[in-house]
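Structural description and commentary
What follows is each chain in one-letter form.
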Amino acid sequence: MTFTLQDLKAAIPDYCFQPSALKSLAYFWLDLGIIAGLYAIAHSLNSWLFFPIFWLAQGTMFWALFVVGHDCGHGSFSRYRWLNNLVGHLAHTPILVPFHGWRISHRTHHANTGNIDTDESWYPIAESTYRAMPWVQKMIRFYGLLFAYPFYLFFRSSGRSGSHFLPSSQLFRPSERGDVLVSSLCWLAMVLGLVGLGISQGFIFLVQYYIGPYLVFVIWLDLVTFLHHSEPDIPWYRNEDWYFLKGALSTIDRDYGLINPIHHNIGTHVAHHIFSTMPHYHLKAATEAIKPILGDYYRCSKESVWTSFARSYWACHYVPDQGAKVYYQPYPRHSR
């Protein structure tokens, strides 16, 4: 490529790199307001005819709340670390995400995007590893992938070990263990609160008002994050052929239609991977500024996300054992 990271940064207006605590808080409170409103409507109607609609709408808002916490984890929510950590916990704990544990592993993903050996999220596995995987692991990773996120939090992905909840996990530096413990205790408090709610109100109540939306949230999270980096023509690199900018461009922008503003334009992902500390509300302007420089290195899909998902679901299973620059290979129907 003929451009550098500095070339891209110079093309973006300075304001795009400036987070506004008030503006970020406005998005956060708007999401909370919509969530509260949906709960009020569901409680008022108390109808099984409405609950599936409620699950879809509220689960989507849980996903939007996750994206707010995602900005907090990147430090793009505000200039204040204490505010980022506070809102990050307020956004992530109710949806059972350990904020600091996730924040740290997600930092690893951004620092190593596109690197088969060191990436953290939705990285491909080698063909030999794929063929040696137990069938249960294959089922979760490749056929149950829209429900994989809770398993990832506890066990990470293939070829990696550690838990997002344990301060002693190799995911974390010794200096980070206190933060991880705080987030894990917040998560545990939320779980105990849900258990208490289930005991006092009944399991059906918990399904109606929490488990249903939570499952929709997990599907959204896995769908969108899978589609960020899983496309047959997106290259992956091994250590010797990888560097940051090349890896950061191994993602694709996608159009979620009416959902774009609801989940804070997280589908505008190329600019986010190049400059992860940029607030979500400036990503579209930044993308327009760098597209002329990126040229063919900028990837954007306008097709239905479900069409893209169906293709990648079958086509993105493993990469060749050898090669510095490799691409996903499809499901091997001839293998056992």
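In short, a report on the structure.

**Thoughts on the overall build of the chain**
- When its secondary structure is counted, the chain shows 15 helices and six strands.
- Over its C-alpha atoms the chain spans a radius of gyration of 20 Å, differing by no more than 12% from the 20 Å that the globule rule assigns to 336 residues.
- Along the longest, intermediate and shortest principal axes, the C-alpha atoms of the chain span 60 × 55 × 45 Å.
- For the chain, long-range pairs separated by at least 24 residues make up 70% of all intrachain contacts whose partners lie at least 6 apart in sequence.
- Surface accessibility of the chain: about 15300 Å² in total, with carbon and sulfur atoms responsible for 65%.
- Positive and negative side-chain charges in the chain, numbering 24 and 21 respectively, have mean positions lying 4 Å apart.

**Notes on the pattern of salt bridges**
- One pass over the structure, following the stated rule, counts 10 salt bridges.
- The residue R254 makes a salt bridge to E231 at a minimum N-O spacing of 2.7 Å. Pair noted here: R254 is in strand β3 (residues 253-254) and E231 is in the loop between α10 (203-229) and β2 (236-237), with a separation of 23 residues, a long-range link.
- Look at E231 and you get buried, because its relative accessible area is 9%.
- Residue D241 pairs with K246 through a salt bridge whose shortest N-O separation is 3.6 Å.

**Some thoughts on empty space enclosed by the protein**
- By the definition in use, this model includes one cavity of 30 Å³ or more.
- If you add up the space inside the largest cavity, you get close to 60 Å³.
- What lines the largest cavity is W122, R141, F142, L145, F226, S230, S312, Y313, C316, H317 and Y328.
- Only α7 (135-143) and α15 (305-315) provide two or more residues apiece to the lining of the largest cavity.
- Of the residues that constitute the lining of the largest cavity, the class distribution is seven nonpolar, three polar and one charged.

**Digging into the nonpolar core**
- Counting residues in each nonpolar core, the largest one holds 54 residues, and the members touching the most others are W63, F66, Y149, F217, W220 and F309.
- Elements with a minimum of two residues in this core: α2 (21-45), α3 (51-74), α4 (81-92), α5 (99-111), α8 (149-155), α9 (177-201), α10 and α15.
- With residues near it in sequence (within four places) discarded, F217 still touches G59, F62, W63, F66, I95 and V97.
- Among the nonpolar cores identified, the runner-up in size contains 19 residues, and L8, C16, L245 and L249 belong to it.

**Considering the packing of α2 against α3**
- Where α2 contacts α3, the axes come no closer than 10 Å and their chain directions differ by 165°. The pairing of α2 with α3 is recorded here as roughly antiparallel in orientation. As α2 runs across α3, the sense of the crossing is left-handed. Along the contact surface, α2 presents F28, D31, L32, I34, I35, L38, Y39 and A42, while α3 presents F51, F54, A57, Q58, M61, F62, A64, L65 and V68.
- For the contact of α2 with α3, the residue count by class is 15 nonpolar, one polar and one charged.

Conventions we followed
- Residues numbered from 1 in each chain as written.
- Predicted model: local features only at pLDDT ≥ 70, side-chain atom pairs only at ≥ 80, totals over all residues.
- Heavy atoms only, no water.
- Helix = DSSP H or I, 4+ residues; strand = E, 2+ residues; numbered from the N terminus.
- Rg over C-alpha atoms; globule rule 2.2 N^0.38 Å.
- Contact = heavy atoms within 4.5 Å.
- Areas by Shrake-Rupley, 256 points an atom, 1.4 Å probe, with all protein chains shown as cover.
- Lys, Arg positive; Asp, Glu negative; His and termini not counted.
- Charge placed at Lys NZ, Arg CZ, Asp CG, Glu CD.
- Salt bridge = Lys/Arg side-chain N within 4 Å of Asp/Glu carboxyl O.
- Buried < 20%, exposed > 50% of the residue type's maximum accessible area, 1.4 Å probe, protein only.
- 1 Å grid on protein atoms, 1.4 Å probe; cavity = no way out; pocket = protein on both sides within 12 Å on 5 of 7 lines; lining within 4 Å.
- Points joined across faces, edges and corners; volume = space filled by probe spheres on them.
- Nonpolar A, V, L, I, M, F, W, Y, C, P; charged D, E, K, R; others polar.
- Core = buried A, V, L, I, M, F, W, Y, C linked by side-chain atoms within 4.5 Å.
- Axes fitted to C-alpha atoms, helices over the stretch in contact; angles between N-to-C directions.
- Parallel < 35°, antiparallel > 145°, perpendicular 65-115°, else oblique.
- Left-handed = near helix turned anticlockwise from the far one by under 90°.

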